[in-house]
Amino acid sequence: MAGVQETVEAMAETRNYKFILCYDGTRYKGWEHQPGIDNTIQGKMEYHLHEMTGADVEVLGAGRTDAGVHAKGMVCNARLDTALTPEEITAYMNEHLPEDICVLETRVASDRFHARYNATGKTYCYTCYAGPGKPVFNRRFVLALDSHPDLEAMRRAAAYLTGRHDYASFCGNKHMKKSTVRIVDSIDIQERGGYINLTYHGTGFLQHMVRIMTGTLLEVGMGVRDADSMPALLEACDRSQAGPTAPPRGLCLMQVDYE
């Protein structure tokens, strides 16, 4: 038995692994591990990778989804000393992680790969429901609206918000010291079966940025503000001038891009 253990240990090698995850963020305090709070996605990943390897593991995420926000394509990486294959790592994690977190894929990455710093773009989708009745079975993943918004007005407003801008008016961090300039390539607004999807793609997003943009666009759709007021709102660089922060339950990180 000792000989087998020695062979396994000899086979083990520290490598950088890339993970793709999906999760229902409803009951979690967000992605980022926080002192005294173990109910985070990062915390769950680190705990079970520690149990698997017997060593402390730091998991680096592509971003920091807020409490209650979901993901279908979160990417993270971690250095592991293990003889398990990527497929065996995936199987182990999915056996031990809570039922609302799933590892979709594990692969060996280059030694220099960093889930956050190497990301070139992200896609988020915010989902609203404006159909008849209540979205009973999707209630944890959508924002139910009291009335149907004017989607064409929202699309006109969204057109102003795409491009390279200073998005300080859409930043939830009042103490942001770094640049608030970002590039939003596209904002696509589509409806199907009463569900309205606002899909955002950009090189990066500020804290609460997608949720604040969604809240602002919904105000346009409800006639609270004019679509043509967006340039002035961007120019103001004042969070108080933008709309409310939409609830986290409607937001999902769909994909992270890498070259």
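Predicted, not measured: the structure shown is a model, and the values here were computed from it.

1. Here we look at the overall build of the protein
Then comes step 1: Helix and strand counts for the protein stand at six helices and 10 strands.
Then comes step 2: Seen along its three principal axes, the alpha-carbon backbone of the protein occupies a region of about 75 × 40 × 35 Å.
Then comes step 3: A burial count over the protein gives 46% of its 259 residues as buried.
Then comes step 4: Sequence-distant contacts in the protein: of pairs separated by 6 or more residues, those separated by 24 or more amount to 72%.
Then comes step 5: In the protein, the 27 positive side-chain charges and the 33 negative ones have mean positions that sit 6 Å from each other.

2. Regarding the packing of helix α4 (residues 151-161) against helix α5 (residues 209-221)
Then comes step 1: Two numbers describe how α4 lies on α5: the axes approach to 8 Å, and their chain directions differ by 140°. Judged by the inter-axis angle, α4 sits oblique to α5. Crossing of α4 over α5 shows right-handed handedness. In this structure, α4 contributes Ala153, Met154, Ala157, Ala158 and Leu161 to the contact, and α5 contributes Met213, Leu217, Leu218, Val220 and Gly221.
Then comes step 2: Counted by class, the contact of α4 with α5 contains nine nonpolar, one polar and no charged residues.

3. Describing the layout of surface pockets
Then comes step 1: By volume, the largest pocket is sized at about 1,100 Å³.
Then comes step 2: Elements supplying a minimum of two residues to the lining of the largest pocket: α2 (41-53), β2 (60-61), β5 (119-129) and α5.
Then comes step 3: Residues of the lining of the largest pocket, tallied by class, amount to 14 nonpolar, 14 polar and 11 charged.
Then comes step 4: Approximately 290 Å³ is the volume found for the second largest pocket.
Then comes step 5: Every residue lining the second largest pocket is counted, 14 residues in all, and those nearest its centre are Lys72, Thr127, Phe141, Cys252 and Met254.

4. Observations concerning the confidence of the model for the protein
The predicted structure's coordinates, where accompanied by low pLDDT, should not be read in detail.
Then comes step 1: Mean pLDDT over the protein stands at 94; residues scoring 70 or higher make up 95%.
Then comes step 2: In the model, residues 1-11 has pLDDT below 50 throughout and makes two contacts with residues more than four positions away in sequence or in other chains.

5. What to know about the nonpolar core
Then comes step 1: One finds Phe19, Leu21, Met45, Leu49 and Phe170 to be the most contacted residues of the largest nonpolar core, which totals 68 residues.
Then comes step 2: Considering every element that reaches this core, the biggest residue donor is α5, with seven residues.
Then comes step 3: When near neighbours in sequence (up to four residues on either side) are disregarded, Leu49 contacts Phe19, Gly54, Val57, Val59, Ala78, Leu80 and Met93.

6. Considering the packing of α2 against helix α3 (residues 86-96)
Then comes step 1: Where α2 contacts α3, the axes come no closer than 10 Å and their chain directions differ by 120°. Taken together, the axes of α2 and α3 are oblique relative to one another. α2 and α3 meet at a crossing whose hand is right-handed. Contacts from Met45, His48, Leu49, Glu51 and Met52 in α2 reach Ile89, Tyr92, Met93 and His96 in α3.
Then comes step 2: Looking at the contact of α2 with α3 residue by residue, the classes come out as six nonpolar, two polar and one charged.

7. Some points on the side chain of His70
Then comes step 1: Within the secondary structure, His70 sits in strand β3 (residues 70-82).
Then comes step 2: There is a polar contact of 3.4 Å between the side chain of His70 and the side chain of Asp24.
Then comes step 3: There is a polar contact of 2.9 Å between the side chain of His70 and the backbone nitrogen of Gly25.
Then comes step 4: Apart from the residues lying within four places of it in its own chain, the contact partners of His70 are Tyr23, Asp24, Gly25, Thr26, Arg140, Phe141, Arg249, Leu251, Cys252 and Leu253.

What counts and what doesn't
For every chain, the first residue of the written sequence is number 1, and numbering continues from 1 along that sequence. Residues qualify for local features only when their pLDDT is at least 70, as the model is predicted, and side-chain atom pairs are given and counted only at 80 or more; totals for whole chains, interfaces and linings, by contrast, use all residues. Working from all heavy atoms in the structure, the side-chain values ignore hydrogens and water. The secondary structure listing takes helices from DSSP runs of H or I that are at least 4 residues long and strands from runs of E that are at least 2 residues long, numbered from the N terminus. Throughout, exposure labels follow a simple rule: accessible area from a 1.4 Å probe, protein chains only, divided by the maximum for the residue type, with under 20% read as buried, over 50% as exposed, and the rest as partly exposed. Contacts are residue-level and defined by heavy atoms, with any inter-residue pair within 4.5 Å sufficient. Counting rule applied: Lys, Arg positive; Asp, Glu negative; His and chain ends not counted. All charge positions are set by atom: Lys at NZ, Arg at CZ, Asp at CG, Glu at CD. Axes here mean lines fitted to C-alpha atoms, for a helix over just the part in contact, with angles spanning 0 to 180 degrees between N-to-C directions. The labels follow the angle: roughly parallel below 35 degrees, roughly antiparallel above 145, roughly perpendicular from 65 to 115, and oblique for the rest. In this scheme the handedness of a crossing depends on how the near helix is turned from the far one: anticlockwise by less than a right angle means left-handed, clockwise means right-handed. Three classes are used, and their members are as follows: Ala, Val, Leu, Ile, Met, Phe, Trp, Tyr, Cys and Pro are nonpolar, Asp, Glu, Lys and Arg are charged, and the others, Gly among them, are polar. Each cavity reported here is a set of points on a 1 Å grid over the protein atoms alone in which a 1.4 Å probe fits but cannot get out, each pocket an open set with protein on both sides within 12 Å along at least five of seven lines, and each lining residue one with an atom within 4 Å of a point. Grid points are joined across faces, edges and corners, and a volume is the space filled by probe spheres set on the points. One confidence number per residue, pLDDT, is output by the predictor and ranges from 0 to 100. The criterion is simple. A nonpolar core is a set of buried Ala, Val, Leu, Ile, Met, Phe, Trp, Tyr and Cys residues joined through side-chain atoms within 4.5 Å. In protein, a polar contact means a hydrogen-donor-capable atom and an acceptor-capable atom, both N or O and within 3.5 Å, with residues adjacent in sequence counting only if both atoms are side-chain atoms; elsewhere, any N or O pair within 3.5 Å suffices.

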